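# Coordinate inspection notes
Given next are the chains, with one letter for each unit.
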Amino acid sequence: MRVLVVEDDDNLRAAVGAVLRADGLAVDLVGDLVEADLAITVSEYDCVVFDRMLGANDSLGYIAAKRATGWTTPVLFLTARDTVADRLAGFDHGGDDYLGKPFEASELLARVRSLARRAGSARPTVVMVGDLRIDRARREVRRAGVLLSLTSKEFAVLELLAHRPDQVTSRSCLIEKCWDEMADPESNVVDALIARLRRKLGTPALIHTVRGEGFRLEPVG
């Protein structure tokens, strides 16, 4: 799951990014609407967290203009402007949720995950690949009924592979969806994580390498 945070306060931007990354999300951080527009153009996000006021600019107009082009990515407004009129204006201009400052980190994370799940609601909550059961809502993985202990990043990668059973997912796609702009596409982060996943999933192997293309999750037999 990849999230963009648009916040002009350096300390708050870093703090929000740290909260989301600690839960395994891939997070890109920008400080103004120009950077936000570039990021949205270049990358696909599951959710965007927008500070309502970015310097002298109110981000409502930007979101409304993006919605008019057919852009559908969920938007969470994060702002100290928290009157009923402010919240209604946020929804009227294309926002999906509105969280007032100050806020609890746990609530921010819950709201971001809720919006991202809503955007991907066409996906089933539970995915079965052979004897592997992935529960997106509970964030649980079981194999042959045994609960596995996965990190948030491992869960994100496995979930992506599971929604493309028998299809090859490239390393670049995994980095795009499960890591953020800090990831080095030339590094071995993907291969190292896949190796850990294989060990945790056990045998027979479910994740297969397709040389020169990427990885495929397929059931045994």
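Check the entry above for the structure.
Just so we're clear, the structure is a prediction, and the values are computed from it rather than from any experiment.

Here the focus is the overall build of the protein chain. Counting its secondary structure elements, the protein chain contains eight helices and 14 strands. Scaling as 2.2 N^0.38, a compact globule of 221 residues should have a C-alpha radius of gyration of about 17 Å, and the protein chain matches this with 19 Å. Taken along its principal axes, the extent of the C-alpha atoms in the protein chain is 60 × 35 × 30 Å. Residue burial in the protein chain is summarised as follows: out of 221 residues, 45% are buried. Looking at the protein chain, you have 30 positive and 34 negative side-chain charges, and the mean spots of the two groups are 7 Å apart.

Another point: the sheet that holds strand β14 (residues 214-217). The antiparallel open sheet is built from three strands, whose spatial order is β12-β14-β13. Two strands bound the open sheet, and with one partner strand each, they are β12 (168-169) and β13 (207-210). The pairing of β13 with β14 spans four bridges and is classified as antiparallel. Bridge assignment links Thr209 to a residue of β14, and that residue is Phe215.

Another aspect to go through is the pattern of salt bridges. Counting across every chain of the model gives 21 salt bridges. In this structure, the salt-bridge partner of Asp86 is Arg81, at a minimum N-O distance of 3.6 Å. On the basis of relative accessible area, Arg81 is assigned to the partly exposed category, the value being 35%. With its nearest N and O atoms 2.7 Å apart, the salt bridge here joins Glu154 to Lys200.

In this section: the packing of helix α6 (residues 152-162) against helix α7 (residues 171-178). Closest axis-to-axis distance for the α6/α7 pair is 10 Å, and the angle between their directions is 125°. Relative to α7, the element α6 lies oblique. The two elements α6 and α7 cross, and the hand of that crossing is right-handed. Where α6 abuts α7, its residues Lys153, Ala156, Val157, Leu160 and Leu161 lie against Cys173, Leu174, Lys177 and Cys178.

Rules used in this analysis
Residues numbered from 1 in each chain as written. Predicted model: local features only at pLDDT ≥ 70, side-chain atom pairs only at ≥ 80, totals over all residues. Heavy atoms only, no water. Helix = DSSP H or I, 4+ residues; strand = E, 2+ residues; numbered from the N terminus. Rg over C-alpha atoms; globule rule 2.2 N^0.38 Å. Buried < 20%, exposed > 50% of the residue type's maximum accessible area, 1.4 Å probe, protein only. Lys, Arg positive; Asp, Glu negative; His and termini not counted. Charge placed at Lys NZ, Arg CZ, Asp CG, Glu CD. Pairing = 2+ DSSP bridges. Salt bridge = Lys/Arg side-chain N within 4 Å of Asp/Glu carboxyl O. Axes fitted to C-alpha atoms, helices over the stretch in contact; angles between N-to-C directions. Parallel < 35°, antiparallel > 145°, perpendicular 65-115°, else oblique. Left-handed = near helix turned anticlockwise from the far one by under 90°. Contact = heavy atoms within 4.5 Å.

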